[in-house]
Amino acid sequence: MTVGSSPEFPAPLGQEAPPPSDTRPQAELLEPPVAGGALPFLGHGWKLARDPLAFLSQLRDHGDVVRLKLGPKTVYAVTTPALTGAVALSPHYIIAGPLWESLEGLLGKEGVATANGPLHRRQRRTIQPAFRLDAIPAYGPIMAEEAQALVERWRSGEVLDITAESFRVAVRVSARCLMRGSYMDDRADRICGALATLFSGMYQRMVLPLGPLYRIPVPANLEFNRALADLHLLVDEIVADRRASGQKPDDLLTALLEAKDDNGEPIGEQEIHDQVIAIITPGSETVGSMIMSLLLVLTEHPELGDKIRDEVKSVVGDRPIAFEDARKLTFTANVIVETMRLYPAVWILTRRAVTDTELGGYRIPAGADLVYSPYAIQRDARSYERHEEFDPDRWLPERSKDVPKYAMTPFSVGNRKCPSDHFSMAELTLITAAIAAAFRFEQAPGSDPRPRIGITLRPRRLLVRALPR
Ligand code: HEM
């Protein structure tokens, strides 16, 4: 892996062909062992609910593939880098299962993040050009401007609520880059408000699918429903405005509006709508969570901030950081990659087997739900020396080549790999460099940096004082 040394914005990925699979008939394959510690009736569910990070991380001691009992349901957990790579790259698994069904119910059924098969392939072809490496420089000025705006917004000595600040900038960058237009500025703030409410309510609806209870008109449900309605309304407004303007800038929204289905017909309104939501929602949640984790790291390791400041000084001097500088900020990039290793925004992934298949010599029946955790894989002592230690230099080219394949895939691999890996690395590099060059950071009273387990992983509540350099 050459994360720190490449002149571009390499994302820490591995793609390539799936590892060879076992060709023995199903009957000769073994059932994976059941993980220890299951309780009568509840199975492993209580452990998964109580401390999912610790629970998923220790599963590797029970086997490469283990069965979990979640109430009456069996779920297959995959615990080695090679086998998670095999799942991500295999055509035998699709996006489905309870996690996705609850997301579809809220965000729409026709977006790229939840579609499968030919529809998914066509949708990826439509959105991919907006995220290609050669498209990223066009977003540079917006990313650099938003990073600089953050530095100007924050005052020395001020206590900052990093949750709000992180999600705000993440939404603004996605919305301004991918759906260009000056009208976006105030809408970006509205999208941000709606998403903040939705993200906190969404995880709860996923892990506690209490159906009708969420329709009871108590304040939390009313607020959630208002935010959801507002997000859908905002997307309709953005699409209508773009159409009314008659403009067709070279951006993702134009690509969606001009997209054709497999018969050469324009795609339907619902699909355009769901696509915008399917891209803006994961884009903001993940980047916002990563910015929070980066700020946490900068408060816990002030020496890293000092080194980033030195790197910025030597590469950029005293002028504001421009997009062209970012690819030379290799230490900064390595801090980001190491943050992604220890605090991967996407900490859990699920798939469903579409056919009887084999994994690591074990039988996986059609319809089985699989789960694996980038968090557990990326903290495994078998893949990383001093695995819990924050060490950005492990991403120097001479050291990163020793990292086992698929032991570092925060953007996933295969056909569902995040389209936005280069985009996100460019954005995070510019933001981290700009804020660390301008300020030192310390946590303020009331801050609670323990992990918050939601749709993404991030600190619970991060209150930070920005101090002058
Ligand atoms: C998918 C991570 C930023 C849009 C994914 C997946 C991961 C991921 C792991 C694969 C999910 C799976 O396999 O089930 C991240 C991380 C990010 C990030 C760590 C930031 C640091 C973004 C941004 C956007 C975005 C900025 C858009 C603006 C998407 C979409 C998918 C996706 C549309 C679904 C792709 C598909 O199913 O074909 N992301 N993401 N992501 N991401 Fe990202």
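Predicted model, so just to flag it, every value in this text is computed and none were measured.

Would you take a moment to explain the nonpolar core for this structure?
Inside soluble globular proteins, nonpolar side chains tend to come together where they are buried. With 102 residues, the main nonpolar core has Leu178, Phe423 and Phe441 as its most contacted residues. Top contributing element to this core by residue count: helix 11 (residues 269-300), with 15 residues. When neighbours within four sequence positions are excluded, Phe441 is seen to be in contact with Trp154, Leu295, Leu298, Thr299, Ile435, Ala436, Val464, Arg465 and Ala466. Among the nonpolar cores identified, the runner-up in size contains 19 residues, and Ala86, Leu89, Ala353 and Val413 belong to it.

Which parts of the structure should I look at to understand the pairing of strand 10 (residues 448-453)?
Within a regular strand, the side chains alternate between the two sheet faces. One ladder, built from four bridges, connects strand 10 with strand 11 (residues 457-461); its direction is antiparallel. Note that in strand 11 the partner of Asp448 across the bridge is Arg461. In textbook terms, the turn of a hairpin is the stretch between consecutive antiparallel strands, and for strand 10 and strand 11 this stretch comprises three residues.

I tried to follow the coordination of the iron atom of the ligand on my own but got confused; where do I start?
A lone protein donor contacts the iron atom of the ligand, and this donor is Cys418 (SG), found at 2.3 Å. Tracing the sequence through the fold places Cys418 in the loop between helix 16 (397-400) and helix 17 (421-438).

I keep staring at the packing of aromatic side chains and nothing clicks. Help me out?
Two aromatic rings are characterised by how far apart their centres lie and by the angle between their planes. Across all of its chains, the model carries six aromatic pairs by this definition. An angle of 70 degrees between the planes, with centres 6.1 Å apart, marks the rings of Phe131 and Phe423 as edge-to-face. Placement of the pair is Phe131 in helix 5 (residues 117-131) and Phe423 in helix 17, with a sequence separation of 292 residues. With a centroid separation of 6.3 Å and 65 degrees between ring planes, the pair formed by Tyr384 and Trp395 is classed as edge-to-face. Taken together, the residues span a long stretch of sequence, with Tyr384 in the loop between helix 15 (374-378) and helix 16 and Trp395 in the loop between helix 15 and helix 16 at a distance of eleven residues. When sorted by exposure, Tyr384 lands in the same class as Trp395, which is buried. The structure contains a cluster of three or more aromatic residues connected by ring pairs, namely Phe131, Tyr139 and Phe423. The ring centre of Tyr384 lies 4.6 Å from the NZ or CZ of Arg341, which sits over that ring. Its end group placed over the ring of Tyr343, Arg379 keeps NZ or CZ at 5.6 Å from the ring centre.

What am I meant to see in the UniProt feature "binding site: heme" (unreviewed entry) in the chain here?
In the numbering adopted here, UniProt assigns the feature "binding site: heme" (unreviewed entry) to Cys418. Overall, Cys418 belongs to the partly exposed group, its relative accessible area being 25%. Not counting the four nearest positions on each side in its chain, Cys418 is found in contact with Arg124 and Phe411.

Is there a simple way to think about the site of the ligand in this case?
Lining the immediate surroundings of the ligand are 29 residues, of which His120, Arg124, Arg351, Arg416 and Cys418 lie closest. With respect to the ligand, the side chain of His120 contributes an N or O atom lying 2.6 Å from an oxygen atom. Residue assignment for the shell around the ligand shows that the elements contributing at least two residues are helix 5, helix 7 (162-178), helix 11, strand 5 (349-353) and helix 17. Per element, the largest residue contribution to the shell around the ligand is six residues, and it comes from helix 11. A class-by-class count of the residues in the shell around the ligand yields 18 nonpolar, eight polar and three charged.

So what exactly am I meant to see when it comes to the sheet that holds strand 12 (residues 463-468) here?
Hydrogen bonds between backbone groups are what pair the strands of a sheet, and the pairing can be parallel or antiparallel. In space, the three strands of this open sheet follow the order 4-12-9, with antiparallel pairing throughout. Of all strands in the sheet, those with a lone pairing partner are strand 4 (159-161) and strand 9 (439-443), marking the two edges. Within this sheet the neighbouring strands show an average axis-to-axis angle of 40 degrees, counted without direction. In this structure, strand 4 lies alongside strand 12, joined through three bridges in antiparallel fashion. Across the sheet, Val159 pairs through a bridge with Arg465, a residue of strand 12.

Please explain the domain arrangement of the chain as it appears in this structure.
Accessible area lost upon the coming together of the parts is a frequently used measure of interface size. When its domains are assigned, the chain resolves into domain 1 (19-89 + 349-373) and domain 2 (90-346 + 379-468). The C-alpha centroid of domain 2 is placed 28 Å from the C-alpha centroid of domain 1. Counting from both sides, the interface comprises 26 residues of domain 1 and, opposite them, 28 residues of domain 2. In total, about 2100 Å² of surface goes out of reach between domain 1 and domain 2, with carbon and sulfur atoms giving 61% of it. On inspection of domain 1 and its partner domain 2, the count reaches one salt bridge. Across the salt bridge formed by Asp380 and Arg60, the nearest N and O atoms sit 3.2 Å from each other. Taken together, the connections running from domain 1 to domain 2 amount to five residue pairs in polar contact (both at pLDDT 80 or more). Take the side of domain 1 that touches domain 2: its biggest share by element is eight residues, from helix 3 (residues 81-89). Within the side of domain 1 that touches domain 2, the residues separate by chemical class into 15 nonpolar, six polar and five charged.

Where do I start with the environment of Tyr372 in this structure?
You can see Tyr372 is positioned in strand 8 (residues 369-372). Separated by 319 residues in the primary sequence, Tyr372 and Leu53 place their C-alpha atoms 11 Å from one another. Once you skip the residues sitting within four places of it in the chain, Tyr372 turns out to touch Val78, Thr84, Val87, Ala88, Trp347, Ile348, Leu349 and Ser412.

Looking at this structure, I do not really get the packing of helix 12 (residues 302-316) against helix 17. What am I missing?
Two measures define how a pair of helices packs: the angle their axes make with one another and the distance between the axes. At a minimum axis distance of 8 Å, the contact between helix 12 and helix 17 shows a crossing angle of 105 degrees. In terms of their interaxial angle, helix 12 and helix 17 are classed as roughly perpendicular. Every residue of helix 17 that contacts helix 12 at Gly305, Ile308, Arg309 and Val312 is listed here: Thr432, Ala433, Ala436 and Ala437. Counted by class, the contact of helix 12 with helix 17 contains five nonpolar, two polar and one charged residues.

Calculation notes
Residues numbered from 1 in each chain as written. Predicted model: local features only at pLDDT ≥ 70, side-chain atom pairs only at ≥ 80, totals over all residues. Heavy atoms only, no water. Core = buried A, V, L, I, M, F, W, Y, C linked by side-chain atoms within 4.5 Å. Buried < 20%, exposed > 50% of the residue type's maximum accessible area, 1.4 Å probe, protein only. Helix = DSSP H or I, 4+ residues; strand = E, 2+ residues; numbered from the N terminus. Contact = heavy atoms within 4.5 Å. Pairing = 2+ DSSP bridges. Donors = N, O, S within 2.8 Å, 3.2 Å for Na, K, Ca; no water. Phe/Tyr/Trp six-rings, centres within 6.5 Å; stacked < 30°, edge-to-face > 60°. Lys NZ or Arg CZ within 6 Å of the ring centre and 35° of its normal. UniProt positions renumbered as here; feature names shortened; annotations may be inferred. Near = heavy atom within 4 Å. Polar contact = N/O pair within 3.5 Å; in protein donor to acceptor, adjacent residues only side chain to side chain. Nonpolar A, V, L, I, M, F, W, Y, C, P; charged D, E, K, R; others polar. Axes fitted to C-alpha atoms, helices over the stretch in contact; angles between N-to-C directions. Domains from an automatic or database assignment. Buried area = accessible area lost by both parts, 1.4 Å probe. Salt bridge = Lys/Arg side-chain N within 4 Å of Asp/Glu carboxyl O. Parallel < 35°, antiparallel > 145°, perpendicular 65-115°, else oblique.

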